[in-house]
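The primary structure of each chain is shown beneath.
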Number of protein chains: 2
Amino acid sequence: MEYITCLCREDRKLLLLITSLSAFAHLLTHRLIKASAENLLKGGLFGIDLNKTTAKDYVAIKKQIRTKSLQTLLDTPSLKSRMIPESAGIIVGCAYISTVLVISWMANLPLLATHASMCSITTMLLVGFVDDVLGLRWALKIVFSVIACAPLVNSDASGRFLVLPVPFRGGIIQTICETILPGPHAGFSLGLGYWHTVIVTLICVFCTNAINIYAGVNGLEAGQSVLISLNVIVYSFLHLTSSSEIHRFWNIALLQFPFIAVSTALFRLNMYPAKVFVGDSFTYFAGMVFAVTAISNTFSKTLMLFLIPQILNFLFSLPQLFGFMHCPLHRIPRWDCHNDRLVHSNNLTLLNAVLRCTGPLHEKSLTTLLLVLQAACGALGLLLLELVRFFY
Amino acid sequence: MEYITCLCREDRKLLLLITSLSAFAHLLTHRLIKASAENLLKGGLFGIDLNKTTAKDYVAIKKQIRTKSLQTLLDTPSLKSRMIPESAGIIVGCAYISTVLVISWMANLPLLATHASMCSITTMLLVGFVDDVLGLRWALKIVFSVIACAPLVNSDASGRFLVLPVPFRGGIIQTICETILPGPHAGFSLGLGYWHTVIVTLICVFCTNAINIYAGVNGLEAGQSVLISLNVIVYSFLHLTSSSEIHRFWNIALLQFPFIAVSTALFRLNMYPAKVFVGDSFTYFAGMVFAVTAISNTFSKTLMLFLIPQILNFLFSLPQLFGFMHCPLHRIPRWDCHNDRLVHSNNLTLLNAVLRCTGPLHEKSLTTLLLVLQAACGALGLLLLELVRFFY
């Protein structure tokens, strides 16, 4: 409570505006997704839930989809029930963008950085949706995620320095850093120069893809996004509500409160058994929201502490991502239809690693376990952050 | 030439960067559209060219589309040849956004207003594409175009004043204006207050829809956009290359050079006989490009002088748009298949008005005539602008 009471009257009004519009956005998004499910199906955007379909059924359904008209498929109840609307992320994303724009318009604050952020987020949502509809090659998606972060690189001035931690100061490491980094250096604050562009780009590419590849069971994509967002909000409450940092707190609140609102609406419909799928539009969009929040408020190193499961999953996946091992389209676990359990497959993902440790699990239990892991890693991240502060 | 030679060395480098990257964008867009035609068809995004199809054929094709699977349709050459890929605008729009972001990143200029502009443009492109894929209700599209202009309202500070023309100064009209407008007033410069928000919003809503409803024959949407863009560029060359206005010139060049480059690429493939359709993604996107260029560089009144055919078409359409007359989905002319001529229908559009004056015309001749009309109106607009200057 001490954090909220220390906010001035203007600040409390702003907090009320952001929370009330976010709450409204949650309700609206939930309704919109339900109302659009039929439109998504009619637009040909649907998927089959592989964790609830045997291989034989899957082949049969795929054959029907190939040979019958969309109208016929939708008129056959037994088939329609297997077609889960895909790309709900586009509705979530549009609701999010609208909410942030309306809040920043109503608050009439000099939040110029917001426009660069929103530009990046909207571009990435667009790329995700185009991918859902038309299917883009992965190389093109990487190119687009690099281009989408250009506004961030241009607008972010404060993140161009690296403050050397205390143990590294004055020694050989400082000398090495000063030689590698182009400067200008000022004491222990080293100028990153062009490395800043490289780092920002890498963070954007990592974030946009990290959630996309840590997926495959109902509710995981939306659930992890909600938890990461919660983590970011807790971090900003604990560290950025002092009067000198309050503008960063508002920047984060403006981007994250609406995000958590729309993502929970999606989570409610995407959790087991999923009524909609999130689509690449959501995973790319969510990743970019975290990337821009962190970069435009200069806590990108801190953000990595909240993405421990995503980093682990990325590291596990490296051999398949870089082609040292065969990489199928879906790297999900195998469904044991007799016991309704998920069994680990040979693909290198965190999901399969967890299943190897625990043995076969029901889909719902696996999602719950993974989300508990996410929350635990987030708490660990916040704790590590406290420790790291001793070195600055 | 005097305009270009008066640019300093830095400026010439920037002009070279913008023109060369725009030229590259043109070639890339042309290739990308051709390469994506198959993807658009596979994504279910296609249309039937009504101006080349008899009513009987149309019903037959529609029936096939309803009853056969997409794969079967694409495997039947006689049918596939009638399916024109729709929504090429999404490729054009993505190419445009990428080009502008790359230029503004490479030029590393303090073009902060660009981010607000790009945010609005990207949002509108997204709305257009979602409309193409899922079909949005018109009310929702209006709401989105209002929301999409929020960044402009927030960032545009200089357009909040109305400078009273000389003949109106000091008289009853000034008194009325000073009473209506909330101020603050400073001499003949009247503060628009909240009217500024209203005006910006109306311009955005008008522009985004103006091109969308002035359509219906091959090449018209892309062609008119290219001509309006040319008009804007000529205007900026004539009026904004003085050293005090040069930043406005660059803002316009950054937004319009890439636009003209990608739109001409689309025009080449959309002109008679159309190999692709532009889709709502293009018309909304193009309209928003003009709206943001004009608003963020405070020449929105001038822009209206370049949109005379669009304004006429809007005025003609009012009875149908506001429901006083029946408004079918397509308000195009009727095709006389025996003579391959377009004949006016009973719908209230500029196309039908022109056809009433000229009598039946071939589709290609009609497009050419309408584009000549657009160019003539544009020249008239530039002339009127010279006259208007005497009153300031």
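Just so it is clear, the structure is predicted and the values come from calculations on it, not from any experiment.

**A few points about the overall build of chain A**
Broken down by element type, chain A carries 18 helices and six strands. Rg of the C-alpha trace for chain A: 22 Å, near the compact-globule value of 21 Å for 392 residues, within the 12% margin. For chain A, the spread of C-alpha atoms along the three principal axes comes to 70 × 50 × 40 Å. Across the 392 residues that make up chain A, the buried fraction comes to 54%. Summing over all exposed atoms, chain A offers an accessible surface of approximately 17,200 Å²; the carbon and sulfur share of this is 67%. Distance between charge centres in chain A, computed from 28 positive and 19 negative side chains, equals 5 Å.

**Observations concerning the relation of the copies chain B and chain A**
The two copies are related by a screw operation: chain B maps onto chain A through 180° of rotation and 0.0 Å of translation along the axis, at an RMSD of 0.0 Å. Between the two chains, the operation in question is that of a two-fold axis. Minimal C-alpha distance to the rotation axis in chain B is attained by Ser-69 of chain B, lying at 1.8 Å. Interface residue correspondence from chain B to chain A reaches 100%, placing this contact among same-surface, isologous pairings.

**Here's the deal with the environment of Leu-383 of chain A**
As for its placement among the helices and strands, Leu-383 of chain A is situated in helix α18 (residues 363–388). In the structure, Leu-383 of chain A is positioned 302 residues away from Ser-81 of chain A in sequence and 45 Å away in space, judged by C-alpha atoms.

**Examining the packing of aromatic side chains**
Residues and elements named next belong to chain A. Across all of its chains, the model carries 25 aromatic pairs over all chains by this definition. A centroid spacing of 5.2 Å and a plane angle of 70° characterise the contact between Tyr-96 and Phe-285, whose relative ring orientation is edge-to-face. Of the two residues, Tyr-96 is situated in helix α6 (residues 89–107) and Phe-285 in helix α14 (residues 279–296); the sequence distance between them amounts to 189 residues. Take Tyr-96: its relative accessible area is 0%, and that puts it in the buried class. Among the residues examined, Phe-285 registers a relative accessible area of 0% and is labelled buried.

**Considering the domain arrangement of chain A**
Residues and elements named next belong to chain A. Each domain of chain A was delimited in the assignment, giving domain 1 (2–45 + 86–391) and domain 2 (46–85). Between the C-alpha centres of domain 1 and domain 2 the distance comes to 32 Å. For the domain 1 face of the interface with domain 2, the top three residues by lost area are Leu-41, Phe-277 and Trp-335, together amounting to 40%. At the junction of domain 1 with domain 2, the criterion picks out two salt bridges. Residues Glu-363 and Lys-52 are paired through a salt bridge, measuring 2.9 Å at the closest nitrogen-oxygen approach. A breakdown of the residues in the side of domain 1 that touches domain 2 according to their chemical character gives 15 nonpolar, five polar and five charged.

**What about a nonpolar patch on the surface?**
Residue and element names in this part refer to chain A. Taken together, the side chains of Val-163, Val-166, Leu-380, Leu-383, Leu-384, Leu-387, Val-388, Phe-390, Phe-391 and Tyr-392 present a nonpolar region at the surface, about 930 Å² in accessible area. The element contributing the most residues to the nonpolar patch is α18, with five residues. One can find Phe-391 in the segment after α18.

**Regarding the packing of helix α12 (residues 220–239) of chain B against helix α14 (residues 279–296) of chain B**
All names here are of chain B. For the pair α12 and α14, the least separation of the axes is 10 Å and the interaxial angle reads 10°. In terms of their interaxial angle, α12 and α14 are classed as roughly parallel. On the side of α12, the interface is formed by Glu-221, Ala-222, Ser-225, Ile-228, Ser-229 and Val-232, while α14 contributes Phe-282, Thr-283, Ala-286, Phe-290 and Thr-293. The residue makeup of the contact of α12 with α14, split by class, is six nonpolar, four polar and one charged.

**Quick word on the pattern of salt bridges**
One pass over the structure, following the stated rule, counts 11 salt bridges over all chains. For Arg-82 of chain B, the salt bridge is made with Asp-57 of chain B, and the minimal N-O distance between the two is 3.9 Å. Taken together, the positions of Arg-82 of chain B in the loop between α5 (77–80) and β2 (83–85) and Asp-57 of chain B in helix α3 (residues 55–67) put the pair 25 residues apart, joining distant regions of the chain. A relative accessible area of 33% means that Asp-57 of chain B is categorised as partly exposed. As a salt-bridge pair, Asp-131 of chain B and Lys-141 of chain B come within 3.0 Å of each other at their nearest N and O atoms. Pair noted here: Asp-131 of chain B is in helix α7 (residues 112–134) and Lys-141 of chain B is in helix α8 (residues 138–148), with a separation of 10 residues, a long-range link. Asp-131 of chain B sits in the buried class, given a relative accessible area of 7%. Relative accessible area serves as the criterion here: at 14%, Lys-141 of chain B is assigned to the buried category. Each member of the salt-bridge network shares a partner with another, and the members are Asp-49, Lys-52 and Glu-363 of chain A.

**Brief notes about the interface of chain B and chain A**
Facing the 42 residues of chain B at the interface are 42 residues of chain A. Summed over both partners, the interface of chain B with chain A buries about 3,600 Å², with 74% contributed by carbon and sulfur atoms. Our count for the chain B to chain A interface comes out at zero salt bridges. Secondary structure elements with two or more residues in the side of chain B that touches chain A: α2 (9–42), α3, α4 (70–75), α6 (89–107), α7, α8 and α9 (150–155) of chain B. Here the side of chain B that touches chain A takes 13 residues from α7 of chain B, the largest share from any one element. For the side of chain B that touches chain A, the residue count by class is 24 nonpolar, 16 polar and two charged.

Criteria and thresholds
Residues numbered from 1 in each chain as written. Chains lettered and ligands numbered in written order. Predicted model: local features only at pLDDT ≥ 70, side-chain atom pairs only at ≥ 80, totals over all residues. Heavy atoms only, no water. Helix = DSSP H or I, 4+ residues; strand = E, 2+ residues; numbered from the N terminus. Rg over C-alpha atoms; globule rule 2.2 N^0.38 Å. Buried < 20%, exposed > 50% of the residue type's maximum accessible area, 1.4 Å probe, protein only. Areas by Shrake-Rupley, 256 points an atom, 1.4 Å probe, with all protein chains shown as cover. Lys, Arg positive; Asp, Glu negative; His and termini not counted. Charge placed at Lys NZ, Arg CZ, Asp CG, Glu CD. Least-squares fit on C-alpha atoms with pLDDT ≥ 70 in both. Contact = heavy atoms within 4.5 Å. Phe/Tyr/Trp six-rings, centres within 6.5 Å; stacked < 30°, edge-to-face > 60°. Domains from an automatic or database assignment. Buried area = accessible area lost by both parts, 1.4 Å probe. Salt bridge = Lys/Arg side-chain N within 4 Å of Asp/Glu carboxyl O. Nonpolar A, V, L, I, M, F, W, Y, C, P; charged D, E, K, R; others polar. Patch = residues over 30% accessible without salt bridge, like charges linked within 9 Å, V, L, I, M, F, W, Y side chains within 5 Å. Axes fitted to C-alpha atoms, helices over the stretch in contact; angles between N-to-C directions. Parallel < 35°, antiparallel > 145°, perpendicular 65-115°, else oblique.

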